[in-house]
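Letter by letter, the chains look like this.
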Amino acid sequence: MKRLLTILVALLFVSTSNQVTAQSLLKKIGKAVTNEVINELKNKSNKEQKSQPQSTPTKSQPQSTPTKAVSHTSSQQPAKVSISEVCTNPQIVSENGRGANVIIDGIEYTIHTDKKEACLMCVSKPMRGKTSNVTVWGGIKYKGVVYPVTTIMAHAFEGESLTSVTLSHNLQEIREEAFCYSKLKRVVVHGATKRIGASAFAGTDLESVLLENGIERIESGAFAGCKMLTSVQIPQSVTRLEQRLFEDCTKLTEVILPRTIERIEPYMFCGCTSLTSYSIPSSIVSIGTNAFERSGLKAINIPLNVKTIEDGAFIECQQLERITIPSTVESFGFSVFAFCNKINTVYINVKFKNHQDVANIFSGTSIITNTDLDQCPALKWTE
C-alpha cells in the first residue's frame, strides 16, 4: 500500500505541473490502483502456496468415479447371456405386473421381471407329441431387457416325442421329471447347471450323456430305467448323488464316480444286469442298502476304506463268483450276499471267522456248508 500512496502523490504532482484535466487524472489513478491491487493479490497467493506443501494422491486412496444407478433397461441386463442364445422376438401370450408368458418354437416360457429370470414351462398344446428337436434358449429379450432362462420346470417334456435337445450354457436347474419317458437319445448338460432333479431323465431312450464339470447335485433316479444307456462319467464337481440313480439301466457297462463321493447310495446300480465288473472308488466308506441288487457283477473287491456294507447290498447277483472282503470293514447288514448262487470263492479276513452274522451274510448261497466255518471250502481266510 505504501507503493500505491507514492504513485498517487506522483500523479498529483504531474497533473498540477502539466495542468491535466480531472477526467484524465481519474483514469490514470484508477488504472494504477487496479494494477497495484492485482500485483498484491498475486504476491499473497504465491506466498501461501509456498508455505503449504502440496498433497499428493496415495495408492490406498484412489480417486473415486461416479457410478450409475442400476436400472433394468436395454443397457443393463439381469445376467450375461451369449447373443447367439438370445431370442429377440418371442410370441407374447399374456402379460401381467410381474412379467409375461411367451411361446418360442412351440415351447412355453414364463418371464419373471421381478426375479430377473425366465423359466421353460412346457410344450405348447398345439405342439405336444409333435416336437422332435428342441433348443432351450439362453435368454429372452422382453421390453429391451434380456432375461436368462435359468430353469426347466418339472414335467416340461414328460412323455414327449423329442429325440434331441440343446441346452443353453447358462441353464442352472433341471427339475423333477423334466424329460422322463420322452424319446430323448442324447443330452449334454453344461457346467452351469448345478442341479439335476429327481427322475429328470428317467425312462428315456438315452444312449449318450455328457455331464460337464460344474454340476453339483444329481437327485434320486435321475437316469433310472434308461435301458439304452451304456456308460456315464460323473464329474468331479458333484458332491451329492442320491439313491436309485441308475436303477434298471440294463445296458450300463461303465460308470465313473468322482472322488468327492463317499457313499454308494441305496439301489444305485440295482438291476444293472450288464454291469459285469466295477471298481469301487477308494473314497467310498459305505455301500448302501441293495446298492448292487440283481446287477451282473462277476467279482467284487471291497476297498480298504469301506467301513459299512448295508442290508442286501449285493443280494441276488446271480453272476457273482468271487468276493474279497478286507479287515477294515466294521459292520455288515443282513443278507449282504444272499442268493448269489454262483459264489465259489470268498477271500475274507480271519477276524470275521467268529462273526455271528457270517452265515446270515451269505444266506441262500452254497458258501456255508458247515457250522464250522473252517470246513467251508469256499471261504479263504486271510491275515
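Everything numeric here is computed off the predicted structure, so don't read it as measured data.

Student: Give a detailed account of the confidence of the model for the protein, specifying residues and quantitative values.
Tutor: Mean pLDDT over the protein stands at 84; residues scoring 70 or higher make up 79%. Here residues 4-23 is a poorly scored stretch, pLDDT under 50, and it has 15 contacts once near neighbours within four places are set aside; other chains count. Between residues 45-78, whose pLDDT stays under 50, and residues either more than four places distant or in other chains, the model counts 17 contacts.

Student: Report on the nonpolar core, specifying residues and quantitative values.
Tutor: For soluble globular proteins, the rule of thumb is that nonpolar side chains tend to be buried together. Ranked by internal contacts, the top residues of the largest apolar core, which has 92 residues, are Phe223, Phe246, Phe314 and Phe337. In terms of residue count, strand β8 (residues 145-152) provides more of this core than any other element does, four residues in total. Beyond its immediate chain neighbours, meaning those up to four positions away, Phe337 contacts Ile300, Phe314, Leu320, Ile323, Ile325, Ile343, Ile361, Phe362, Ser363 and Thr365.

Student: Tell me what's going on with the side chain of Asn349, and back it up with residues and numbers.
Tutor: Structurally, Asn349 is set in strand β24 (residues 345-349). Ignoring any residue separated from it by four or fewer positions in sequence, one finds Asn349 in contact with Ile325, Pro326, Ser327, Trp381, Thr382 and Glu383.

Student: Describe unusual backbone geometry, and please don't skip the residues or the numbers.
Tutor: Phi is positive for Lys143, which is not a glycine, with a value near 55°. Here Lys143 lies in the loop between β7 (139-142) and β8. The exposure class assigned to Lys143 is exposed, which follows from its relative accessible area of 68%.

Student: So, the environment of Tyr181: which residues are in play, and what are the values?
Tutor: Turning to its location among the elements, Tyr181 is positioned in the loop between β10 (173-174) and β11 (186-189). Judged by its relative accessible area of 57%, Tyr181 falls in the exposed class.

Student: With reference to specific residues and values, describe the pairing of β24.
Tutor: Most of β24 is tucked away, with four of its five residues classed as buried. Both strand β22 (residues 322-325) and β24 contribute to a ladder of four bridges, which runs parallel. Bridge assignment links Thr324 to a residue of β24, and that residue is Tyr347. Pairing between β24 and strand β25 (residues 379-382): four bridges, direction parallel. What sits directly across from Val346, in β25, is Leu379.

Student: Got a sec to walk through the packing of aromatic side chains? Specific residues and values, please.
Tutor: A complete count under the given rule lists twelve aromatic pairs for this structure. Their ring planes at 20° and their centres at 5.2 Å tell us that Phe269 and Phe292 sit as a pair that is stacked. With Phe269 in the loop between β18 (263-264) and β19 (286-287) and Phe292 in the loop between β19 and β20 (299-301), the pair connects residues that are 23 residues apart, well separated along the chain. Of the two residues, Phe269 and Phe292, neither departs from the other in class, the shared state being buried. Linked through ring pairs, Phe157, Phe179, Phe201, Phe223, Phe246, Phe269, Tyr278, Phe292, Phe314, Phe337 and Phe362 together constitute an aromatic cluster. Sitting over the ring of Tyr267, Arg244 keeps its end group 4.0 Å from the ring centre.

The rules behind these values
Here the residue numbering is sequential within each chain, running from 1 through the sequence in written order. Selection of residues for local features in this predicted model requires a pLDDT of at least 70, selection of side-chain atom pairs for listing and counting requires 80 or more, and totals for whole chains, interfaces and linings are taken over all residues. Side-chain measures were taken over the full set of non-hydrogen atoms in the model, leaving aside hydrogen atoms and water. One number per residue, pLDDT, summarises how confident the predictor is, and it ranges from 0 to 100. By definition, residues are in contact when any of their heavy atoms lie within 4.5 Å. Note on terminology: a nonpolar core comprises buried Ala, Val, Leu, Ile, Met, Phe, Trp, Tyr and Cys residues joined through side-chain atoms within 4.5 Å. Three exposure classes are used, based on accessible area relative to the maximum for each residue type with a 1.4 Å probe and protein chains only: buried under 20%, partly exposed in between, and exposed over 50%. Under the DSSP-based scheme used, a helix requires at least four consecutive residues in state H or I and a strand at least two consecutive residues in state E, with every element numbered from the N terminus. DSSP calls a pair of strands paired once it identifies at least 2 bridges connecting them. Here the aromatic set is Phe, Tyr and Trp, taking the six-membered ring for Trp, and pairing holds for ring centres within 6.5 Å; pairs whose planes are under 30 degrees apart are stacked, those over 60 apart are edge-to-face, and all others are tilted. The criterion is that NZ of a Lys, or CZ of an Arg, lies within 6 Å of the ring centre and within 35 degrees of the ring normal, and then a charge sits over that ring.

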